[in-house]
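Here's the letter readout for the chains.
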2 protein chains.
Amino acid sequence: MQENLNDYLDNQKQLIEENLRNYLQHLSIPSQLKESMIYSLEAGGKRLRPILLFASCQAYGGNVSKTLSSAAALEMIHTYSLIHDDLPAMDDDDYRRGKPTNHKVFDEATAILAGDALLTYSFEIITNDPVLTDQQKVKLTGMMATVAGPRGMVGGQILDMEAEINPVSLEELEHIHALKTGELLQFAVFAGAYLSSATDEQLKALKDFAHYLGLIFQVQDDILDVVGDPDKIGKAIGSDELNQKSTYPKLLGIDGAIEQKQKYVNKAKEALKKADALDTTLNSLIDYFSHRDH
Amino acid sequence: MQENLNDYLDNQKQLIEENLRNYLQHLSIPSQLKESMIYSLEAGGKRLRPILLFASCQAYGGNVSKTLSSAAALEMIHTYSLIHDDLPAMDDDDYRRGKPTNHKVFDEATAILAGDALLTYSFEIITNDPVLTDQQKVKLTGMMATVAGPRGMVGGQILDMEAEINPVSLEELEHIHALKTGELLQFAVFAGAYLSSATDEQLKALKDFAHYLGLIFQVQDDILDVVGDPDKIGKAIGSDELNQKSTYPKLLGIDGAIEQKQKYVNKAKEALKKADALDTTLNSLIDYFSHRDH
């Protein structure tokens, strides 16, 4: 099973990366901007968001060809958020996944504009997709704007910054992660199932599934920063403590964090059962998110 | 006539400002983010883009109530571009329209995120507008993404930065302005006429009109930076020369620039005649753009 999941992840990763290249290579824009956008889009990463989107589509018998623009748009928005997050005025990171960050390779101005361009282009991609109906385009672009905007991811980033100054409760921590990480996962799970044949009731249960999956992702991130293998993670551990970040291990201790993760896993499986998708790759992805070592 | 146009501009300005407040005040988001977004949205400005959008709608007998979301979205995108443009890594401006820039009042991280939020929220506003059909929403969000993205405004900003290092020809200068300024004006003129009853042929002629209007706007901007009244402009003159910017007066001399502007005015009027709108406020706006003193 683990062997199969790894094959699956590799295949889907290849699919999204080919797809991203298609959207970028024919784009006739100033070369400096294009290079900067492509640099960050091709700087690796596990492509978990598009893979989750594909898996959600397949769970309800859908054809992933309908989801290609949504998956590319989602990965572009994720990439824009990383470029802006890494800027000197934000987290001031020189490296990501072992490679120099965008503003170190290009310059800050180009990095800001490459982020802006990826965000804006993601909406163009969906509205121009010939395989989608107008109704689908409106639903998808509207949801994408909501999950990525001030009520979603950007709102979460502001709260996350504030949490570095003022310690937060477990409830507040969950709220920050729900916005900062969870909202894009909500889009992934929703878009895949919506472009397949999921019912309204199944879509409703999938909201809970995506919510807990986001929390599992984040608690595991926090755990890896304490007990992970630096070689596998691609960066030194202990940076959260150094930066006085609010984390699960800080709030609950490392054992408490692992216990909390198990609670989220149980909740995610419960929601997946309600969504009639316990017997799909989405279930394997819960375990993958929970046990990943990088 | 001038008296009437000033009244018209004041009324439309009031309409767009009320409209912007409506979209922001009910938004339930972190307070720091909201304050930063509102600060720049309410920092004044002539609101030329939404006014142009309203005028374009009225020129073909349309009702502006259909254009309110497009006008607000357009002004938000314009505002986001100013916030990011003013950042230390970009133009590094401490003041705009006599007020401290966003990152001076808040901080750089908040300014970056407020820009990101305004850009993203603008798409949400159009897709959520109950008075538009799905077809109209797709057309408008798709065009907005194109004019604001890497093939439009953001592409123009990269070229503009490059032009500060390498001198450009008149043709290249026109291309930069067409992207950096003209594309958002294209959206304004198109959206208004499209949501009214303009024919495809009229829409086609309006493309030329918007193109030349953008160039008139820019050449007048350059002229004001040489011979304008600092009290009326709200900033010192001569900053373009100081920053070694490529401008019309630098390329053509001040008389040559004024002559060039007149050529654009003639072209804009010619296009407006083809669009059957020579007898509308759009024509007065050509003169206003051409003779404005701030």
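Under an unreviewed UniProt entry, chain A has the name Farnesyl diphosphate synthase and belongs to Virgibacillus indicus. We quote the UniProt Cofactor (unreviewed entry) comment for chain A here in full: "Mg(2+)". As recorded by UniProt, the Sequence similarities (unreviewed entry) comment attached to chain A reads in full: "Belongs to the FPP/GGPP synthase family."

This paragraph deals with the overall build of chain A. Secondary structure summary: chain A contains 14 helices and 2 strands in total. For chain A, the C-alpha radius of gyration of 18 Å lies close to 19 Å, the compact-globule estimate for 294 residues. With respect to the three principal axes, the spread of C-alpha positions in chain A is 50 × 50 × 35 Å. Across the 294 residues in chain A, those meeting the buried criterion constitute 57%. If you take every contact in chain A between residues at least 6 apart in sequence, the share linking residues at least 24 apart comes to 72%. For chain A, the exposed surface amounts to about 12,300 Å²; the carbon and sulfur share of it is 47%. The centroid of the 28 positive side-chain charges in chain A is displaced by 4 Å from the centroid of its 44 negative side-chain charges.

With that settled, consider the nonpolar core. Of all hydrophobic cores here, the largest spans 188 residues; its most connected members are Leu206(A), Phe209(A), Leu282(A), Leu206(B), Phe209(B) and Leu282(B). Ignoring sequence-local partners within four residues, the contact set of Phe209(A) consists of Leu52(A), Val189(A), Ala268(A), Ala271(A), Leu272(A), Leu282(A) and Ile286(A).

Residue and element names in this part refer to chain A. Inspection of the entire model under this criterion finds 13 aromatic pairs over all chains. With centroids separated by 6.2 Å and ring planes inclined at 35°, the aromatic side chains of tyrosine 212 and tyrosine 264 adopt a geometry described as tilted. Placement of tyrosine 212 in helix α10 (residues 200–227) and of tyrosine 264 in helix α13 (residues 248–274) is noted, with a sequence separation of 52 residues between them. Note on tyrosine 212: relative accessible area 18%, which makes it buried. For tyrosine 264, a relative accessible area of 3% gives the class buried.

The subject of this paragraph is the relation of the copies chain A and chain B. Two copies of one chain are present, and they are related through a rotation about an axis combined with an axial shift. Structural alignment of chain A on chain B gives an RMSD of 0.0 Å, achieved by rotating through 180° and translating 0.0 Å along the axis. One copy is carried onto the other by what is essentially a two-fold rotation axis. Among all residues of chain A, the one whose C-alpha sits closest to the rotation axis is Asp134(A), at a distance of 2.9 Å. Here 100% of the contact residues of chain A are again contact residues in chain B; the copies associate through an equivalent surface.

What follows is about the interface of chain A and chain B. Listed per partner, the contact involves 45 residues of chain A and 45 residues of chain B. In this assembly, chain A packs against chain B so that about 3,700 Å² is buried in total across both faces, 76% of it on carbon and sulfur atoms. When the shortest N-O distance is used, the salt bridge between Arg151(B) and Glu124(A) registers 2.2 Å. Run the count over chain A and chain B and you get 6 residue pairs in polar contact (both at pLDDT 80 or more). Put simply, the parts of the chain that give the side of chain A that touches chain B at least two residues each are α2 (31–41), α4 (68–86), α6 (108–127), α7 (134–148) and α8 (153–163) of chain A. Element by element, the count of residues in the side of chain A that touches chain B is highest for α6(A), at 13 residues. Across the side of chain A that touches chain B, the residue classes tally to 24 nonpolar, 14 polar and 7 charged.

Thresholds, definitions, all that
- Residues numbered from 1 in each chain as written.
- Chains lettered and ligands numbered in written order.
- Predicted model: local features only at pLDDT ≥ 70, side-chain atom pairs only at ≥ 80, totals over all residues.
- Heavy atoms only, no water.
- UniProt positions renumbered as here; feature names shortened; annotations may be inferred.
- Helix = DSSP H or I, 4+ residues; strand = E, 2+ residues; numbered from the N terminus.
- Rg over C-alpha atoms; globule rule 2.2 N^0.38 Å.
- Buried < 20%, exposed > 50% of the residue type's maximum accessible area, 1.4 Å probe, protein only.
- Contact = heavy atoms within 4.5 Å.
- Areas by Shrake-Rupley, 256 points an atom, 1.4 Å probe, with all protein chains shown as cover.
- Lys, Arg positive; Asp, Glu negative; His and termini not counted.
- Charge placed at Lys NZ, Arg CZ, Asp CG, Glu CD.
- Core = buried A, V, L, I, M, F, W, Y, C linked by side-chain atoms within 4.5 Å.
- Phe/Tyr/Trp six-rings, centres within 6.5 Å; stacked < 30°, edge-to-face > 60°.
- Least-squares fit on C-alpha atoms with pLDDT ≥ 70 in both.
- Buried area = accessible area lost by both parts, 1.4 Å probe.
- Salt bridge = Lys/Arg side-chain N within 4 Å of Asp/Glu carboxyl O.
- Polar contact = N/O pair within 3.5 Å; in protein donor to acceptor, adjacent residues only side chain to side chain.
- Nonpolar A, V, L, I, M, F, W, Y, C, P; charged D, E, K, R; others polar.

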